[in-house]
Amino acid sequence: MNIYEKCPEFESKKFLIRLFQKEDCNDLLKVYSDKNALPFFNSDNCDGDNFYYTTKEKMEEAISFWHMAYENGWFVRLSIVDKTASSVIGTIELCLRVSEDEFNHMGILRVDVRSDYEQEDMLYDIFLLITPKFEEMLGCKGVLTKAPIYAIERIKAIQKAGFTKSEHLLIGKTGYAYDGYWTIK
């Protein structure tokens, strides 16, 4: 399966994870303008973007960039739909890391959700739905995700999903070393 040729969908009782759509803009604006969610977004190695968008125009620009990145095979951004609420409550970013550090050829998993979804049970459902499919989608040798020390609910969720704290730092493209990564192989 090549995720850049045909993007799969993943579904559980509560969530649908699918390729983002332009129509998701209003719901995504609620996610990316949520000041309480901002500290949990992983913007490491993202050229200074912190993913805080307070206008529809800024959100549309981000969606446009995500589309270009997908078309060029840089990364894929998926929308997380809460089926009960019929709304997009966050996104997942997937990409294959090529580097000179311990995380070479691993998949990067970024999960951004509204602050009211930053709960162990919700996050566990999301991680459990996507993580087992990583190797098949990206051909990677493992998955890494970030959870800062204050992300108590997120850490409980990823530990429950099988992730362990990495002793290694992620070295960014400018040489900056990032902490707080968890892996599963």
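None of the values given here were measured: they were computed from a predicted structure. (Residues numbered from 1 in each chain as written. Predicted model: local features only at pLDDT ≥ 70, side-chain atom pairs only at ≥ 80, totals over all residues. Heavy atoms only, no water.)

Asker: Any chance you could break down the environment of Lys156 for me, citing the residues and the numbers?
Answerer: Within the secondary structure, Lys156 sits in helix α5 (residues 152-160). For the pair Lys156 and Leu123, spaced 33 residues apart in sequence, the C-alpha separation works out to 9.1 Å. (Helix = DSSP H or I, 4+ residues; strand = E, 2+ residues; numbered from the N terminus.)

Asker: I'd like to hear about the sheet that holds strand β2 (residues 15-19), residue by residue, with values.
Answerer: Ordered in space as β1-β2-β3-β4-β5-β6-β10-β7, the eight strands form an open sheet in which the pairing is mixed. One side of each edge strand has no neighbouring strand; the edge strands of this open sheet are β1 (10-11) and β7 (164-165). Two elements, strand β3 (residues 76-82) and strand β4 (residues 87-96), share seven bridges in a ladder whose sense is antiparallel. Residue Ile80 lies in a different strand from β4, and its bridge partner there is Gly90. (Pairing = 2+ DSSP bridges.)

Asker: Talk me through the pairing of strand β5 (residues 107-113); I want residue IDs and the actual numbers.
Answerer: Counting buried positions over the seven residues of β5 gives seven, a clear majority of the element. Relative to strand β6 (residues 143-146), β5 runs parallel, the two sharing two bridges. Bridged to Gly107 within β6 is Val143. (Buried < 20%, exposed > 50% of the residue type's maximum accessible area, 1.4 Å probe, protein only.)

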